[in-house]
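# Descriptive structure summary
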Amino acid sequence: MAQKIVTRFAPSPTGFLHIGGARTALFNWLFAKHAGGKMLLRIEDTDRARSTQEAVDALVDGLSWLGLDWDGDPISQFSRVDRHKEAVEQMLANGSAYRCYCSPEEVDAMREKARAEGRPPRYDGTWRDRDQSEAPEGVAPVVRLKSPNEGETIVDDMVQGRVVIPNKDLDDFVLTRSDGTPTYMLAVVVDDHDMGVTHIIRGVDHLTNAARQTLIFNALGWNVPAMAHIPLIHGPDGAKLSKRHGATGAEAYRAMGYLPQAMRNYLARLGWSHGDEEIMSLDDMIKWFGMDTVGQSAARFDFKKLENLNGHYMRATDDSELLDHWKVYLAHVENGETILNWLSATENEKTALAALSGLKERAKTLVELTQSASYLWRQRPLDKDEKAEKILTDEAKSILGELHDTLNGVVDWTSENLETSVKTYAEEKELKLGKVAQPLRAALTGRGTSPGIYDVLIALGRDESLGRIKDQSV
Ligand code: GLU
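Below: a short report on this structure. Sequence order as written defines the numbering, with residues in each chain counted from 1. In view of the model being predicted, local features appear only for residues whose pLDDT reaches at least 70, and side-chain atom pairs are presented and counted only at 80 or more, with totals across whole chains, interfaces and linings using the full set of residues. Just so you know, side-chain values use all the structure's heavy atoms and leave hydrogens and water out.

### With respect to the state of the cysteines
Throughout, a disulfide means two cysteine sulfur atoms within 2.5 Å of one another. This structure, assessed with the given rule, holds 0 disulfides. Free cysteine: Cys100, not disulfide-bonded; nearest cysteine sulfur from Cys102 at 4.0 Å. Burial here depends on accessible area, computed with a 1.4 Å probe over protein chains only, as a share of the maximum for the residue type. Under 20% is buried, over 50% is exposed, and the range in between is partly exposed. In this structure Cys100 comes out as buried when scored by relative accessible area, which is 1%.

### Here we look at the site of the ligand
Here a residue is near a molecule or strand as soon as one of its heavy atoms is found within 4 Å of it. In the vicinity of the ligand, the residues found are Arg8, Ala10, Pro11, Ser12, Glu44, Tyr184, Val188, Arg202 and His206. Within the side chain of Ser12, an N or O atom sits 3.0 Å from a nitrogen atom of the ligand. Within the side chain of Glu44, one N or O atom sits 2.6 Å away from a nitrogen atom of the ligand. Residue burial considers only the protein chains on display, and all accessible areas are found by Shrake-Rupley using a 1.4 Å probe. Surface burial for the ligand is 78%, taken as the share of its 300 Å² of free accessible area covered by protein chains. Residues belonging to the shell around the ligand are distributed by class as follows: 4 nonpolar, 2 polar and 3 charged. Pairing of N or O atoms within 3.5 Å defines a polar contact, subject to two protein rules: one partner must be a possible hydrogen donor and the other a possible acceptor, and residues neighboring in sequence count only if both atoms are side-chain atoms. Throughout, the ten residues Ala, Val, Leu, Ile, Met, Phe, Trp, Tyr, Cys and Pro are labelled nonpolar, Asp, Glu, Lys and Arg are labelled charged, and all others, Gly among them, are labelled polar.

### Quick word on the packing of aromatic side chains
Each aromatic pair joins two rings of Phe, Tyr and Trp (for Trp, the six-membered one) with centres within 6.5 Å, and gets the label stacked for planes under 30 degrees apart, edge-to-face for over 60, and tilted for any other angle. Here the structure, examined in full by the defined rule, presents 10 aromatic pairs. Between Tyr253 and Tyr258, the aromatic rings sit 5.9 Å apart at their centres with planes inclined by 40 degrees, giving tilted as the arrangement. Put simply, the rings of Tyr253, Tyr258, Tyr266, Phe301 and Phe303 touch in pairs and so form one group of aromatic residues. Above the ring of Tyr123, the side-chain terminus of Arg144 is found at 3.6 Å from the ring centroid. Remark: a charge is flagged as sitting over a ring if the NZ atom of Lys or the CZ atom of Arg is within 6 Å of the ring centre and within 35 degrees of the ring normal.

### Some thoughts on the environment of Lys429
Mapped onto the elements, Lys429 comes out in the loop between α17 (415-428) and α18 (433-445). The sequence separation of Lys429 and Ile399 amounts to 30 residues, and the corresponding C-alpha distance is 9.6 Å. Numbering of helices and strands runs from the N terminus, with a helix taken as a DSSP run of H or I at least four residues long and a strand as a DSSP run of E at least two residues long.

### Here we look at the nonpolar core
Phe301, Trp326, Leu369, Leu376, Leu407 and Leu440 are the most contacted members of the largest nonpolar core, which totals 97 residues. Among the elements that take part in this core, helix α1 (residues 19-34) stands out by supplying 9 residues, more than any other. Any pair of residues with heavy atoms lying within 4.5 Å of one another is described as a contacting pair. With sequence-adjacent residues up to four places away left out, Leu440 is seen in contact with Leu400, Leu403, Leu407, Val422, Ile453, Leu457 and Ile469. Counting 32 residues, the second-largest nonpolar core is a separate cluster that includes Leu145, Val155, Ala219 and Leu220. Among buried residues, those of type Ala, Val, Leu, Ile, Met, Phe, Trp, Tyr and Cys that are joined through side-chain atoms within 4.5 Å constitute a nonpolar core.

### Comments concerning the sheet that holds strand β5 (residues 142-145)
Strand pairing in a sheet takes place through backbone hydrogen bonds and is either antiparallel or parallel in direction. If you trace the 3 strands from one edge of the open sheet to the other, you get β4-β5-β8, paired in antiparallel fashion. Unpaired on one side and paired on the other, β4 (97-100) and β8 (174-176) mark the two borders of the sheet. Strand-to-strand twist of the sheet, defined as the mean angle between neighbouring strand axes without regard to direction, takes the value 40 degrees. Here a strand pair is declared whenever DSSP counts at least two bridges between the two strands. As paired elements, β5 and β8 share 2 bridges and run antiparallel to each other. Bridging from a neighbouring strand, Val143 pairs with Thr176 of β8. Along the sheet face, helix α3 (residues 81-93) touches β4, β5 and β8 and points at about 100 degrees away from the line of β4. Note on geometry: axes are C-alpha line fits, over the in-contact stretch for helices, and angles between N-to-C directions span 0 to 180 degrees.

### Re α1
Over its 16 residues, α1 extends 22 Å from the first C-alpha to the last, a length consistent with the 22 Å expected when each residue adds 1.5 Å. Counting buried positions along α1 gives 14 out of 16 residues, so the element sits mostly inside the fold. One or two residues past the end of α1 sits Gly36, with phi positive at roughly 70 degrees. The span one expects for a helix is its residue count, reduced by one, times 1.5 Å.

### Brief notes about the environment of Thr414
The topology assignment puts Thr414 in the loop between α16 (394-408) and α17. In this structure the C-alpha to C-alpha distance between Thr414 and Leu457, which are 43 residues apart in sequence, comes to 8.8 Å.

### Quick notes on the side chain of Arg144
Within the secondary structure, Arg144 sits in strand β5. For Arg144, the side chain forms a polar contact with the main-chain oxygen of Asp172, separated by 2.8 Å. In this structure Arg144 touches Ser96, Ala97, Tyr98, Cys100, Val107, Tyr123, Asp172, Phe173, Val174 and Leu175, once residues within four positions along its chain are discounted.

### Brief notes about the packing of helix α5 (residues 184-194) against helix α6 (residues 207-219)
Running from N to C, α5 and α6 point in directions that differ by 60 degrees, and their axes come no closer than 9 Å. Classified by the interaxial angle, the pair formed by α5 and α6 is oblique. α5 and α6 meet at a crossing whose hand is right-handed. Taking contact as the criterion, the partners of Tyr184, Met185, Leu186, Val188, Val189, Asp192 and His193 in α5 are, on α6, Asn209, Arg212, Gln213, Ile216 and Phe217. Here the contact of α5 with α6 is built from residues that sort into 7 nonpolar, 3 polar and 2 charged. Each angle is binned into one of four classes, with values under 35 degrees roughly parallel, values over 145 roughly antiparallel, values of 65 to 115 roughly perpendicular, and all other values oblique. With the far helix as reference, a near helix turned anticlockwise by less than a right angle produces a left-handed crossing, and one turned clockwise produces a right-handed crossing.

### Looking at the pattern of salt bridges
What counts as a salt bridge is simple: a side-chain nitrogen of Lys or Arg found within 4 Å of a carboxyl oxygen of Asp or Glu. Applying the stated criterion across every chain, the model contains 32 salt bridges. The salt bridge involving Arg119 is made with Glu117; its shortest N-O contact spans 2.8 Å. A relative accessible area of 40% means that Arg119 is categorised as partly exposed. Given the relative accessible area of 46%, Glu117 is considered partly exposed. With its nearest N and O atoms 3.3 Å apart, the salt bridge here joins Glu307 to Lys304. You can see Glu307 and its partner Lys304 sitting in helix α10 (residues 303-316), 3 residues apart, about one turn around the helix. One continuous salt-bridge network, built from bridges that share partners, spans Arg8, Arg42, Glu44, Arg80, Arg83, Glu86, Asp191, Asp192 and Asp194.

### Thoughts on helix α12 (residues 336-343)
Of the positions making up α12, those classed as buried are Gly336, Ile339, Trp342 and Leu343. Looking straight down α12, one finds that the buried residues subtend no more than 125 degrees of arc, so they occupy a single side. In α12, the exposed positions that point more than 90 degrees away from the buried face belong to Glu337, Thr338 and Asn341. The elements touched by buried residues of α12 are α11 (319-331), α13 (346-362) and α14 (366-373). The arc in question is the one spanned by the directions pointing from the helix axis to the C-beta atoms.

Below is the structure:
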């Protein structure tokens, strides 16, 4: 039977899910799903100061919002410290690691000397072959890997191809510090091995680590997992994506009104493609995903493209699902609570749901949707924007007065009947439709632009509509 594919997403808790991390998680997830395998989640929480519960929760929250799940419980790297130390004991015993008693000052001096002589600054192997009986009293040693001095280490990368690193460039790096704590380099290898990871998929910034980690796998006599180092995400200007390009956390995109399905689709296309396909369902992505079509060059983040894609998903998502996403959005933004309170009344939720199909046609994000939906919950008499104020001239107000009486006569409050009634009124008065529709819009929504007025009349219902028209008429 073929080996079951196991990938892992291994974020360090930084306080939020970075958008690059989200994309790495997505690739791991898609790769595993495509193969019917598993994706595991490992929290690299060895930096105790940063690894607060809040920071871990933020990662989990970001992944959950994106709909990326993992198999089993998240694994804490910190909790596995004893196992990391055990692996080091194994390497000390088989001669692939050694204790080094150099003080930090000595190591610094070595580096300085190498630099002065024009060599790469690195540890010079002082304790590599020295007898441990020469160990100075009372000095806690670090443990270093006995890296091969000659030859080369090959990383056969699924994205970067065959990467050859001369071993002389990989010095005897530290596995455990003098206080006994394992380094990142060691912990990752031991965890990946014990978790049964078959494929390591992560950012290309980890490529040099891959060579060092390969040496550790070899030293422990373990199989090296397959590796795929994916290109980084750059900002529109070509520099590595950072705060100065705008938001970098998944939660910020949620607050900017993007839908998780749009985000997923957008992130999948950052570095991966399938022919000319731009809009892909989750099933399509799972079916099509593979490292063979992940490119090597950095992907540029294109906010406009994300916005357009989001607009597409807004329109394509069915109303009740969109309502759910909207509630999630509202739960994470300022002033959202007031709207959520309003929505919590069944009657209001029904009203919102009825209005959504019209609203979503015009909104690219949930922010825009919220703005254009605001007529639903704003209280009479409505505040008016500048455009609405301008529309509501004395003439417009008297039109509204007549319109009020006309619409009051509509027995069956349906979109068709209302349209017929408004049009008939305009014809009788020899007014252009806009002359009637614009004041109506301003009265009903307090805005100069809005969803279609018949949608608005239906969403608000007879009494509220007539009330708002009355408020603005003379
Ligand atoms: N914790 C590392 C990071 O957040 C990832 C380590 C790995 O994927 O091997 O960059």
